[in-house]
Every structure is written in structure tokens, then in C-alpha cells.
Amino acid sequence: MKVFHAKEALQNHLQPLKQSGKTIGFVPTMGALHDGHLALVKNALKDNDVTVVSIFVNPTQFDNPDDLNKYPRTLETDLAMLDKLSPEILVFTPDAINFYDGQIKSQPFNFDGLEYEMEGKHRPGHFDGVGTVVKKLFEIVQPHTAYFGEKDFQQLKIIEKLVEKFNFSILIKPIPIYREADGLAMSSRNKRLSFIHRKAAPFIYQVLKQAQLLSQTNTFKEVKTFVNDVIQAHPLLKLEYFEIAEANTLRPADKKKVGNKYRGFIVVYAGEVRLIDNIEL
Ligand code: AMP
């Protein structure tokens, strides 16, 4: 397996591959890999001649320094997991100074309002950080196809908008949410859950599934009240938000309109760990 720390070295390696007509698949990650990440990588391996996986805990997308400091970093294990999938994978794990040319900061983006909903309200600057890092990664790797998980559904929509706004000729492939056997959405942050919070966390998906069922017969307002009430009654979980939004604009929705698609979006603290999930309604 080849591991690149400097963007110039990766670009030099990719250039002749592109010139000879090879297709490049790209999976951006922040590492601490799990089976959800590996599902994205498997799709990239299947669709492309060359697969690039980036592992970079991007400082500019964290609004909370404590979250950044405590974010799990398991590079050796990550590399072993990728090597086991395929020794052909190219890994890009840049040094932040090299990546940002010495200036570790984000640029402002206009994502046509997608950036003001949900995560945008609760994590100020987060999507400017995501836009900055992904735009730079796209410019460096210049993939044909890039893979993003529906677990971060708002991020997926933001990336689709980024591609549209900056005219990248990159196909974005969404990958469904991978879950543990008990329903908890796989996340690098799950590694930080205490024993009791890990046991409590699958309740989030149980509630989402109940919300999905309820939305077939009840109003969105009633579904929201239900989710708020049951999570608030849980002794170990703290609700940050539950929102129902139209799946393309991410605008909050009070009523169903025929022909539109909707999703329920939730963020819950289990102890000090922030967990995110969503479900189609
Ligand atoms: P992260 O390392 O958390 O930034 O995630 C890297 C990519 O993996 C993003 O596109 C995520 O949406 C995706 N991802 C993370 N967890 C999951 C999961 N449980 N199922 C599917 N995709 C995921």
C-alpha cells in the first residue's frame, strides 16, 4: 500500500495514471475507520481502476476544540484495515500545514441556504470547514467519482452543491447508513462512548424507526413531539435537535406535499459524545 503525506507526491503519482485513462475513485474520511467507511471504499474499488482514501482530521470543520482534541486517531489500524481490503489502495494522510499551505483556515461558502439548516445552526462554521477541505481534496485528487455516506446527509447535499457551484466533473455517489447489529449508526465517535452510554445509544435508531412508522398516520408536528418527549424522558440521552426536512432543500417541513421526499434528522448527546443519525420518512 502506498501512503502519501504531501499533496505534491500524491499528484505526481496520480498524473500518469490519469493520462493513461485510469478512472479514479475517492473516499474522504477523518480516519478511525469502521465498516461504514469500508462500505464506501468497497464501492470505490468496485467502480474504479484506482482508489484514493484520505485520512485527515480536518481542524477547520470543528467548532469545538475539545471535540477536535478528543477525536479518535488510529492511523496504524486504519492502514491495516485498508491494506486488508486491497493493497492497491492509495492513502492520502496529509500534514495540516502542507495541506493548507501554512494557513489553516476555512473560506466562506454559499450553499444556497443548505448551510443554515440543522448542523449549520448548531455547529457554526462547520460547513465552511467541510467545503474548504473537500474542495481542496477534489482539486488535489481530481477523482472521477467520490463516495459520501448518507449518515451525514446534510453534508452529502452540501457536497453535491459544491460540485454544482464549482463545476467539478465529479460524480457523487451516496452510500446508505451502516449500522451495528443493535441499530446504532456506525461512527468513529462511538469509540468514545462509555459502557452505559454505548448500551443506551441504540435507542436513537429505535425512536427513528418509530418516527418513520408514525409519520405514515400522523402529522410531522406530532412526530416531532413524540421524538422530543421520548428522548427527553431517557435518563442517559440528551436531545440536541430532531428536525423533519424536505430531502433536497433540507427546509424544515410541517406538512407532507405529494411528490416530495422527507427525512427525520436527529442529534443526541450520549454523555459527552455527540451522535448524529437520520431516516427516510
Ligand atoms: P468521517 O470519517 O466521519 O468524516 O466519514 C467519512 C465518510 O464516511 C463520510 O462520507 C461519512 O458520511 C461516511 N460514513 C461515516 N459513517 C458512516 C456509516 N455508518 N454509514 C455510511 N457512511 C458513513
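The rules we used
Residues numbered from 1 in each chain as written. Predicted model: local features only at pLDDT ≥ 70, side-chain atom pairs only at ≥ 80, totals over all residues. Heavy atoms only, no water. Buried < 20%, exposed > 50% of the residue type's maximum accessible area, 1.4 Å probe, protein only. Helix = DSSP H or I, 4+ residues; strand = E, 2+ residues; numbered from the N terminus. Pairing = 2+ DSSP bridges. Salt bridge = Lys/Arg side-chain N within 4 Å of Asp/Glu carboxyl O. Axes fitted to C-alpha atoms, helices over the stretch in contact; angles between N-to-C directions. Parallel < 35°, antiparallel > 145°, perpendicular 65-115°, else oblique. Left-handed = near helix turned anticlockwise from the far one by under 90°. Contact = heavy atoms within 4.5 Å. Near = heavy atom within 4 Å. Polar contact = N/O pair within 3.5 Å; in protein donor to acceptor, adjacent residues only side chain to side chain. Areas by Shrake-Rupley, 256 points an atom, 1.4 Å probe, with all protein chains shown as cover. Nonpolar A, V, L, I, M, F, W, Y, C, P; charged D, E, K, R; others polar.

Draft legend 1. Region of interest: the pairing of strand β5 (residues 145–149). For β5, the buried fraction is high: five of the five residues fall into the buried class. Here two bridges tie strand β2 (residues 24–29) to β5, and the two strands are oriented parallel to one another. By the bridge assignment for β5, F26 is matched with A146. In terms of strand pairing, β5 meets strand β6 (residues 171–175) through five bridges, oriented parallel. Within the sheet, the bridge partner assigned to Y147 lies in β6 and is K173.

Draft legend 2. Main features of the pattern of salt bridges. Applying the stated criterion to the full structure yields 23 salt bridges. Put simply, D47 and K173 hold a salt bridge, and the shortest N to O gap is 3.0 Å. Of this pair, D47 sits in helix α2 (residues 35–47) while K173 sits in strand β6, placing them 126 residues apart in sequence. D182 is the salt-bridge partner of R198, the closest N and O atoms lying 3.0 Å from each other. Pair noted here: R198 is in helix α9 (residues 195–200) and D182 is in the loop between β6 and α9, with a separation of 16 residues, a long-range link. Where salt bridges share partners, they join D63, D66, D67, K70, R123, R189, R192 and E272 into one cluster.

Draft legend 3. View of the packing of helix α7 (residues 126–141) against helix α8 (residues 153–165). The geometry of α7 relative to α8 is characterised by a closest axis approach of 10 Å and an angle of 50 degrees between their N-to-C directions. Viewed along their axes, α7 and α8 adopt a mutual orientation that is oblique. Two packed elements cross with a definite hand, and for α7 against α8 that hand is right-handed. Residue-level contacts link F127, V130, G131, V134, K135 and F138 of α7 to Q154, Q155, I158, I159, L162 and V163 of α8.

Draft legend 4. Fine view of the sheet that holds strand β9 (residues 273–280). One open sheet accounts for three strands, arranged β7-β8-β9; its pairing is antiparallel. Taken across any chain shown, the strands that pair with only one partner, and hence form the sheet edges, are β7 (237–246) and β9. Within the sheet, the average angular offset between the axes of one strand and its neighbour, ignoring direction, is 15 degrees. Bridge count for strand β8 (residues 262–270) against β9 is eight bridges, and the pairing is antiparallel. Across the sheet, F265 pairs through a bridge with N278, a residue of β9.

Draft legend 5. Highlighting the site of the ligand. Not every one of the 17 residues close to the ligand is listed here, only the nearest: M30, H37, D152, Y178 and M186. One of the backbone N or O atoms of Y178 is found 2.8 Å from a nitrogen atom in the ligand. A total of 480 Å² of accessible area belongs to the ligand in isolation, and the protein chains cover 94% of it. Looking at the shell around the ligand, the elements with two or more residues in it are β2, α2 and β5. No other element matches α2, which puts three residues into the shell around the ligand. Partitioned by chemical class, the residues of the shell around the ligand number nine nonpolar, six polar and two charged.

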